[in-house]
Amino acid sequence: MSSHASTVDPKKAELWDTHHHTHDVISTRTLGYFLYLLSDGMLFATLFAAYGVLSYQHSYFGGPTPAEFVKPWYTFAQTIALFLSVLAYGFGMNALKHKNKSGLINGMLAAFVLGVVFLVLDIHDMNHLYSMGITLASSGGMSAFIVLTQVHATHIFFGLIWILVMIAQVMTKGFTEETVGRLLTLRMFWHLQAVIWVFVYIFVYLWGYIS
């Protein structure tokens, strides 16, 4: 049984595809935002490295150390609040898959409230340190402690604003390509804050308390 190969005229062959093809805008934007999150991770890696260098006894110059004021149960409450916030946002994104607008909004509202609880606990903790006379100028170790924890808290603050903005957009615009893409990038951002907090809780609070 013989087969005949098709012949192609080299003068008419298309060596390059010059036609315009549509692409997935949401995937492109989420990839770009993921690359940004990598740079954000590098920022936190630098802060963790600085804290690691300055977390030894001599870096506190005889002043207060985390072992004197860290309360593991208090920061554990913050951990639960943030993890529940991420879980609530996850439930909201599951509602998005089913085109359930009310379910999405309720999930985001729950995530917002729990995020506010986390932030209020953090502010109360910082006020407690200030009442003890602990500031950035206390020592190198304390400045590294405060900067690392408050940079993370700042991320949480702007994440909460972002959640409110997205709730407003979902209510007014619905499930547009722009809105869904932003919801996905917000999910990536919010999950990253929970991951970073795990390292903050273990290596900053627990390690500081034990040492």
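Keep in mind the model is a prediction, meaning the values are calculated, not measured.

How each quantity is defined
- Residues numbered from 1 in each chain as written.
- Predicted model: local features only at pLDDT ≥ 70, side-chain atom pairs only at ≥ 80, totals over all residues.
- Heavy atoms only, no water.
- Helix = DSSP H or I, 4+ residues; strand = E, 2+ residues; numbered from the N terminus.
- Buried < 20%, exposed > 50% of the residue type's maximum accessible area, 1.4 Å probe, protein only.
- Contact = heavy atoms within 4.5 Å.
- Areas by Shrake-Rupley, 256 points an atom, 1.4 Å probe, with all protein chains shown as cover.
- Axes fitted to C-alpha atoms, helices over the stretch in contact; angles between N-to-C directions.
- Parallel < 35°, antiparallel > 145°, perpendicular 65-115°, else oblique.
- Left-handed = near helix turned anticlockwise from the far one by under 90°.
- Nonpolar A, V, L, I, M, F, W, Y, C, P; charged D, E, K, R; others polar.
- Core = buried A, V, L, I, M, F, W, Y, C linked by side-chain atoms within 4.5 Å.
- Expected span 1.5 Å × (residues − 1).
- UniProt positions renumbered as here; feature names shortened; annotations may be inferred.
- Lys, Arg positive; Asp, Glu negative; His and termini not counted.
- Salt bridge = Lys/Arg side-chain N within 4 Å of Asp/Glu carboxyl O.
- Phe/Tyr/Trp six-rings, centres within 6.5 Å; stacked < 30°, edge-to-face > 60°.

**Overview of the overall build of the protein**
Within the protein one finds six helices and zero strands. In the protein, which comprises 211 residues, the share counted as buried stands at 39%. Taking all contacts inside the protein whose residues are at least 6 apart in sequence as the whole, residues at least 24 apart take part in 80%. Surface exposure of the protein reaches about 12,400 Å², of which carbon and sulfur atoms provide 69%.

**Focus: the packing of helix H4 (residues 101–131) against helix H5 (residues 140–173)**
Axis separation between H4 and H5 bottoms out at 9 Å; the angle between their running directions is 155°. Viewed along their axes, H4 and H5 adopt a mutual orientation that is roughly antiparallel. Regarding H4 and H5, the two cross each other, and that crossing is left-handed. Grouping the constituent residues of the contact of H4 with H5 by class yields 23 nonpolar, four polar and two charged.

**Structural notes on the nonpolar core**
Counting 52 residues, the largest nonpolar core has Met108, Phe145, Leu183 and Trp190 as its most contacted members. Only helix H1 (25–54), helix H3 (72–97), H4, H5 and helix H6 (177–210) provide two or more residues apiece to this core. Here the element with the most residues in this core is H6; it accounts for 14 residues. Ignoring anything within four residues of it in the chain, the contact list for Trp190 reads Ser85, Val86, Tyr89, Ala111, Gly115, Ile156, Gly159, Leu160 and Ile163.

**Thoughts on the environment of Ile146**
Here Ile146 shows up in helix H5. Taking the relative accessible area as the measure of exposure, Ile146 reaches 11% and is therefore buried. The spacing of Ile146 and Leu136 is ten residues in sequence and 6.9 Å in space, taken between C-alpha atoms. When sequence neighbours within four positions are dropped, the list of residues in contact with Ile146 reads Met126, Ile134, Thr135 and Leu136.

**With respect to H3**
Here H3 contains 26 residues, and its C-alpha end-to-end distance of 38 Å stays within 8% of the 38 Å for a straight helix at 1.5 Å per residue. Count one or two residues on from H3 and you reach Lys99, which has phi positive near 55°.

**Considering unusual backbone geometry**
Even without glycine at this site, Lys99 takes up a positive phi of about 55°. Along the chain, the position of Lys99 falls in the loop between H3 and H4.

**With respect to the UniProt feature "transmembrane region" (unreviewed entry) in the protein**
Within this numbering scheme, the UniProt entry marks residues 33–53, 73–92, 104–123, 156–176 and 188–210 as carrying the feature "transmembrane region" (unreviewed entry). With 100% helix and 0% strand, residues 104–123 has its two end C-alpha atoms placed 28 Å apart. The span residues 188–210 carries 100% helix and 0% strand; its end-to-end C-alpha distance comes to 32 Å.

**With respect to the side chain of Asp40**
When you line up the elements, Asp40 lands in helix H1. Put simply, Asp40 is tucked away with no salt bridge, and the nearest opposite charge, on Arg187, sits 16 Å away. Ignoring sequence-local partners within four residues, the contact set of Asp40 consists of His155, Leu192 and Gln193.

**Overview of the packing of aromatic side chains**
Two descriptors summarise a pair of aromatic rings, namely the distance from one centre to the other and the angle between the planes of the rings. Evaluation of the coordinates by the stated rule reveals twelve aromatic pairs. Seen in terms of ring centroids, Tyr51 and Phe145 are 6.4 Å apart; in terms of plane orientation they differ by 50°. Their pairing is tilted. On the criterion of sequence distance, the pair formed by Tyr51 in helix H1 and Phe145 in helix H5 is long-range, its members being 94 residues apart. Given the relative accessible area of 3%, Tyr51 is considered buried.

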